[in-house]
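# Coordinates in review
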Amino acid sequence: MANENVSVWTSIPFWRRSAAWVTGFATILLIWLTFDTIGQISMGTDTDLKNGVTKRVPAPTVINYKIGYEMSKKRGHEVPTIGEKQPFFGKEWSPKEAANLLHLGKLTSQAKNCMDCHTLLGNGAYYAPDLTKAWLDPAWQDGGPMQGMTGKNTVEEAMAEFLQHPSKYPTHARMMPNLGITADEAKGLVAFLKHMSSIDTNGFPRNFSKTVDQFKAGGTNAH
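Our subject in this report is the structure included herewith. (Residues numbered from 1 in each chain as written. Predicted model: local features only at pLDDT ≥ 70, side-chain atom pairs only at ≥ 80, totals over all residues. Heavy atoms only, no water.)

## So, the packing of aromatic side chains
Counting across every chain of the model gives five aromatic pairs. Taken together through their ring pairs, the aromatic side chains of Phe88, Phe89, Trp93 and Trp135 make up a single cluster. One residue, Arg174, lies across the ring of Tyr127, its end atom 4.5 Å from the ring centre. A cation over a ring is seen here: Lys187 above Phe89, with NZ or CZ 5.4 Å from the ring centre. (Phe/Tyr/Trp six-rings, centres within 6.5 Å; stacked < 30°, edge-to-face > 60°. Lys NZ or Arg CZ within 6 Å of the ring centre and 35° of its normal.)

This is how it looks when you write it as structure tokens:
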């Protein structure tokens, strides 16, 4: 029988070898991406903050610092900034105290089912405002209506007061129900919100700085 020319594209051994190479490459790439992601999302330390080392997820003691949000020309979107030391509820929290407070806030947010109405880091519902950068909302800052309404002089005190007595401060047509949040739970939730605002979320939520600018210009209520 005469030898027939067989195309490589119909060769079973060729496709078996190709599949093995592609599977091997994909496995190596997946392993590399896994370790890279772990490094990116691993929480930083108090030493990182003291040394000015930027982490996507800062240490719990970031609550002791002033948090900002500004446009990065290099990355093309907003990024959080960590500034000078700033008392939180009138004191500086140790690493252990800050971690415990943050843990209480996270547990409280879960126990009170905050994501039934709100969005946190892209997860949750859209019935009520996105809380990912709530700490940076100008409504809570110096001169904002929430400080005036609650009679408090700091962002954290105004937030804690509102969380404990939401029915006293009708700020939205969809009013927040009274969830029976205690003073300690309110502190934990505010710490959780402040820490969340310091996380580098690659510009999410989008156009947050534009919302802030509109609020300052009197164009919208950012709360």
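## A short note on the pattern of salt bridges
Evaluated as defined, the whole model comprises six salt bridges. Note that Lys50 and Asp46 form a salt bridge whose closest N and O atoms lie 3.2 Å from each other. Linking Lys50 with Asp46, this pair stays in helix H2 (residues 46-50), spanning four residues, or about one helical turn. Lys50 sits in the exposed class, given a relative accessible area of 58%. With relative accessibility at 19%, the residue Asp46 sits in the buried group. Taken together, the shared-partner salt bridges connect Arg56, Arg75 and Asp200 into one network. (Salt bridge = Lys/Arg side-chain N within 4 Å of Asp/Glu carboxyl O. Helix = DSSP H or I, 4+ residues; strand = E, 2+ residues; numbered from the N terminus. Buried < 20%, exposed > 50% of the residue type's maximum accessible area, 1.4 Å probe, protein only.)

## Section: the packing of helix H3 (residues 95-111) against helix H6 (residues 183-197)
Helix-helix packing is described using two parameters, namely the angle between the two axes and the distance between the axes. Between H3 and H6, the shortest axis-to-axis distance is 7 Å and the interhelical angle comes to 100°. The pairing of H3 with H6 is recorded here as roughly perpendicular in orientation. Within the contact between the two elements, H3 uses Leu101, Leu102, Leu104, Gly105, Lys106, Thr108 and Ser109 and H6 uses Asp184, Glu185, Lys187, Gly188, Leu189, Ala191, Phe192 and His195. Counted by class, the contact of H3 with H6 contains six nonpolar, five polar and four charged residues. (Axes fitted to C-alpha atoms, helices over the stretch in contact; angles between N-to-C directions. Parallel < 35°, antiparallel > 145°, perpendicular 65-115°, else oblique. Contact = heavy atoms within 4.5 Å. Nonpolar A, V, L, I, M, F, W, Y, C, P; charged D, E, K, R; others polar.)

## Describing the nonpolar core
Grouped together as the largest cluster of nonpolar side chains are 36 residues, with contacts concentrated most on Ile63, Phe88, Trp93, Trp135, Trp140, Met159 and Val190. Among the secondary structure elements, those contributing two or more residues to this core are strand E1 (65-72), H3, helix H5 (155-164) and H6. Once residues lying within four places of it in the same chain are set aside, the contact partners of Ile63 are Gln86, Phe88, Trp93, Ala98, Leu101, Ala191 and Lys194. (Core = buried A, V, L, I, M, F, W, Y, C linked by side-chain atoms within 4.5 Å.)

## A closer look at unusual backbone geometry
With a phi angle near 55°, Phe89 is a residue other than glycine that sits in the positive phi range. By relative accessible area, Phe89 is classed as buried at 17%. In the Ramachandran plot, Asn202 falls in the positive-phi region, its phi being about 55° despite a non-glycine side chain. Along the chain, the position of Asn202 falls in the loop between H6 and helix H7 (208-216).

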